[in-house]
Amino acid sequence: MDVSTVEKEPVLKKSVGRISRLFQKKGKKMAPSVSSLSFNSEPSLSIVPSQHKAHSINSTLNTEYLIASHSIHSDSPSLQEPETNDSQSMTSTVHHTPKSYLSRNNSNSNKSMDIQQLIQQRQQELKELDSHKSMIQIETTRLRKELLKIEVNGERLKRDMDKLNSNYKQHLLEVRGSDDTLETIKQRLVDLRHRIQSLAVDILPYAEPVITTEKLCTLWVNLKGPIEQLGTPLPLNRIQMLTEKFMMDVLVQNLNTNIFPGLSCNQEYNQLQSWFNRYDSTCKFPTRLRQEVTMILSKKRGQDIEDLWKKCVDRTWNHLYRGLQKSYPLFLTHHSTVIANSTEESPQHTYSHQLRSLVEDTILLGSIIKGQDVHITAVDVKEGSQLLDTELMDDDDGSTKGVIAFCISPPFVAKVSHHYEPLLKGRVLCRPADA
């Protein structure tokens, strides 16, 4: 072994130890190649004896020594590289951290500004809504005041209207004698037909087909032949039909506008009415004359008028009662005068009182009809020759054409303007036109 090599060995060890301590002080950031040189080279120095290897080791150690020396005195690049990398990393951190921080600050600042703008916008909207709310409240108050005024005016107008209606009804009562209209009069006529039908049904069980058929033929001078054509004896439904026809024929005379039950001036009235109809095309004067005469019967009735009115009721009732007594002798056995003066309660008396009530109501209905502004009358039907008019009449058997054989109840019409309109259809029985 070379002596120089041995002598240099302690110096090398000291250098290596100094380098190791230096690495430890630098945070143990020495390169792996340098740390491996510290102890792995010792076995090679002690074992290999050859000069070539010694020279190689010597060259290696010199190189390491130079490196170590350069590291100590000059901070060699090999040793400084980690530190340099660390410095670069720190520098990068130092250089980059403010940028990201500023970026975050800018972002937060922008968000803060957006929130503030949104708050300001919402506050402005709230102010506008408050202003709109105030306007609405003012408008609501104004409208409530107007509504209150309208309600007050409405109540006043309603009171005025009620007063006008009351005055109008009073005026109608003074002019017409009643507050009835065309509709109520029509309903009264329908009720009259129902009452007649009910009385005919009540007396029908006491009919003797042969006797009743014979007596019914005598009630009309011109209808004996048509009645016999219905059958001898008559079936019960035809007996009821002819009984209703007889009652209506008697009562309808009191519904005509040219007869005033209770007054003795019917003839004079008809003459004056005829003169007005001839010379007054507007029909105002005939209408007012008829209404004024009706008012006498409805409100200004004196004792003399009352007596005449009762006589008219008695005359109509006697005519009705006697005709039924002939046709139904088994039921109405007593004379009409006996029934009128008797207080006995019996089916005959009850039926007689019902007939009288029917007559009184019919005469009252006649006065109501005469007091109307329009002319209401029963149509004159020519039995045996007039054809069926389905707009004015209904056939009992449902026929739509034919010649009228019997008029059970005449149709009623009302004169509107210058023409007549149907108020209540009549009820008839037809036979074929070629019979």
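Note that this is a predicted model, so its numbers are computed, not measured. Residue numbers run consecutively from 1 along every chain, following the written order of its sequence. Given that the model is predicted, a residue must reach a pLDDT of at least 70 before its local features are reported, and side-chain atom pairs must reach 80 or more before they are shown or counted; all residues, however, enter totals for whole chains, interfaces and linings. Computation of side-chain values: all heavy atoms of the structure, hydrogens and water removed.

**Q** Got a minute to help me understand the sheet that holds strand S1 (residues 375–378) in this structure?
**A** By definition, the strands of a sheet pair up through backbone hydrogen bonds, in either a parallel or an antiparallel sense. With antiparallel pairing, the 3 strands of this open sheet are ordered in space as S1-S4-S5. A strand with exactly one partner marks an edge of an open sheet, and here the two such strands are S1 and strand S5 (419–424). Each adjacent strand pair in this sheet contributes to an overall mean axis angle of 30°, direction not counted. When DSSP finds two or more bridges between two strands, those strands count as paired. Numbered from the N terminus, helices here are DSSP runs of H or I no shorter than four residues, and strands are runs of E no shorter than two. Convention adopted: a line fitted to C-alpha atoms gives each axis, helices being fitted over their contacting stretch, and angles between N-to-C directions are expressed from 0 to 180 degrees.

**Q** Whenever I open this one, the pairing of strand S3 (residues 403–409) confuses me. Can you help?
**A** Each regular strand carries side chains that alternate between the two faces of the sheet. Of all 7 residues making up S3, 7 are buried, and the element is well covered by its neighbours. With 5 bridges joining them, S3 and strand S6 (residues 426–431) adopt antiparallel strand pairing. Paired with Ile404 across the strands is Cys430, a residue of S6. Residue exposure (1.4 Å probe, protein chains only): buried if accessible area is under 20% of the type maximum, exposed if over 50%, otherwise partly exposed.

**Q** Is there a simple way to explain the sheet that holds strand S2 (residues 393–395) in this structure?
**A** On the basis of which strands lie adjacent, the open sheet formed by 3 strands has the order S2-S6-S3 and mixed pairing. Of all strands in the sheet, those bounded by a partner on one side alone are S2 and S3. Here the average twist between neighbouring strands, direction ignored, is 40°. Relative to S6, S2 runs parallel, the two being bridged by 3 bridges. When the sheet's bridge partners are listed, Asp394 is paired in S6 with Arg427. Should any heavy atoms of two residues lie within 4.5 Å, those residues are counted as being in contact. Where helix H9 (residues 236–251) meets the sheet, it contacts S3 and S6, and its direction lies at approximately 65° from that of S3.

**Q** Honestly, the layout of surface pockets in this entry has me stumped. Any pointers?
**A** Space left empty within the atom packing is revealed by a probe, the size of a water molecule, rolled over the atoms. In this analysis the probe radius is 1.4 Å and the grid spacing 1 Å, with only protein atoms considered; a cavity is a set of points the probe fits into but cannot get out of, a pocket is an open set with protein on both sides within 12 Å along at least five of seven lines, and lining residues have an atom within 4 Å of a point. Grid points are joined across faces, edges and corners, and a volume is the space filled by probe spheres set on the points. Size it by volume and the largest pocket reaches roughly 460 Å³. Cys283, Thr287, Arg290, His375 and Lys415 are the residues nearest the centre of the largest pocket, which is lined by 23 residues in total. The set of elements that each furnish at least two residues to the lining of the largest pocket consists of helix H10 (266–279), helix H11 (284–298) and strand S4 (412–416). At 6 residues, H11 tops the list of elements feeding residues into the lining of the largest pocket. For the lining of the largest pocket, a count of residues per class yields 6 nonpolar, 12 polar and 5 charged. Of the pockets and cavities examined, the second largest pocket occupies roughly 310 Å³. Together, 13 residues line the second largest pocket, and Asp249, Val252, Val379, Asp380 and Pro410 are the ones closest to its centre. Amino acid classes used here: Ala, Val, Leu, Ile, Met, Phe, Trp, Tyr, Cys and Pro are nonpolar; Asp, Glu, Lys and Arg are charged; the rest, including Gly, are polar. Of the residues that constitute the lining of the second largest pocket, the class distribution is 7 nonpolar, 2 polar and 4 charged.

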